[in-house]
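Commentary on secondary and tertiary structure
Residue-level listing of the chains:
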Amino acid sequence: MLASLLMNQEASVSPTEMHVALIGMKNSGKSAIAVKYLTKRFLGEYSSDLEDTYCRQESINQMPLMVWLMDTVDSAERDPMRYLSWADVFVVIYDTTSRLSFQVAEQLLQQIASHEHSLCTRDHKTMLLGNKIDLERYSGKKLAN
Ligand SMILES: Nc1nc2c(ncn2[C@@H]2O[C@H](COP(=O)(O)OP(=O)(O)OP(=O)(O)O)[C@@H](O)[C@H]2O)c(=O)[nH]1
């Protein structure tokens, strides 16, 4: 998923670094996705309630690209500008078995769109990512139409 963002990124001006913010409702799987990107494995145990930023060096067509990944925490008390003013790429994550997490994702997409229109001239990319599809498949739980 992040690799495809990187491939798209190379089509524009070659950047030396990229800021990616993982946002979404609590428990949607942001930390799991960060851990998977960083370690290439799905780990059941990790600390997920801390907000942190990680980096990983990628190589796209032999050009180095430093990817900074902000694993955010869903908290009404924190200022969304911490990621809105920072990220080049927003990955909005929802849990495919939770309608509420999809509604939160919709609100986040609106928040990003209004930030882009009113405050920010930088070019962003935004991706909506449905997570936990394994649960949807095996438990039969899925969002109603
Ligand atoms: N079955 C399944 N479980 C997942 C998946 N992704 C995450 N989980 C589990 O869902 C729970 C929440 O995942 P987290 O990565 O902590 O979610 P989060 O969005 O970072 O949560 P906060 O940091 O509290 O906002 C954990 O128990 C994960 O192991 C997935 O793709 N499939």
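Residues numbered from 1 in each chain as written. Predicted model: local features only at pLDDT ≥ 70, side-chain atom pairs only at ≥ 80, totals over all residues. Heavy atoms only, no water.

Focus: the sheet that holds strand 2 (residues 52-60)
- Spatial ordering of the open sheet is given by 2-3-1-4-5, a layout of 5 strands whose pairing is mixed. Two strands bound the open sheet, and with one partner strand each, they are strand 2 and strand 5 (125-131). Across the sheet, the mean angle from the axis of one strand to that of its neighbour is 25 degrees, orientation sign disregarded.
- In terms of strand pairing, strand 2 meets strand 3 (residues 63-71) through 9 bridges, oriented antiparallel. Among the inter-strand pairings, Arg56 is bridged to a residue of strand 3, identified as Val67.
- This element, helix 2 (residues 30-39), spans strand 1 (17-24), strand 2, strand 3, strand 4 (89-95) and strand 5 of the sheet and lies at about 155 degrees to strand 3. (Pairing = 2+ DSSP bridges. Helix = DSSP H or I, 4+ residues; strand = E, 2+ residues; numbered from the N terminus. Axes fitted to C-alpha atoms, helices over the stretch in contact; angles between N-to-C directions. Contact = heavy atoms within 4.5 Å.)

Focus on the pattern of salt bridges
- A full pass over the atoms with the stated rule returns 4 salt bridges.
- Measuring nitrogen to oxygen at the nearest pair gives 3.9 Å for the salt bridge that ties Arg78 to Glu51. One end of the pair, Arg78, is in the loop between strand 3 and helix 3 (81-84); the other, Glu51, is in the loop between helix 2 and strand 2, and 27 residues separate them in sequence.
- Owing to a relative accessible area of 23%, Glu51 belongs among the partly exposed residues under this scheme.
- Lys132 is the partner of Asp95 in a salt bridge, and the nearest nitrogen-oxygen pair spans 3.6 Å. One end of the pair, Asp95, is in strand 4; the other, Lys132, is in the loop between strand 5 and helix 5 (133-139), and 37 residues separate them in sequence.
- Put simply, Glu51, Arg78 and Arg82 are held in one network by salt bridges that share partners. (Salt bridge = Lys/Arg side-chain N within 4 Å of Asp/Glu carboxyl O. Buried < 20%, exposed > 50% of the residue type's maximum accessible area, 1.4 Å probe, protein only.)

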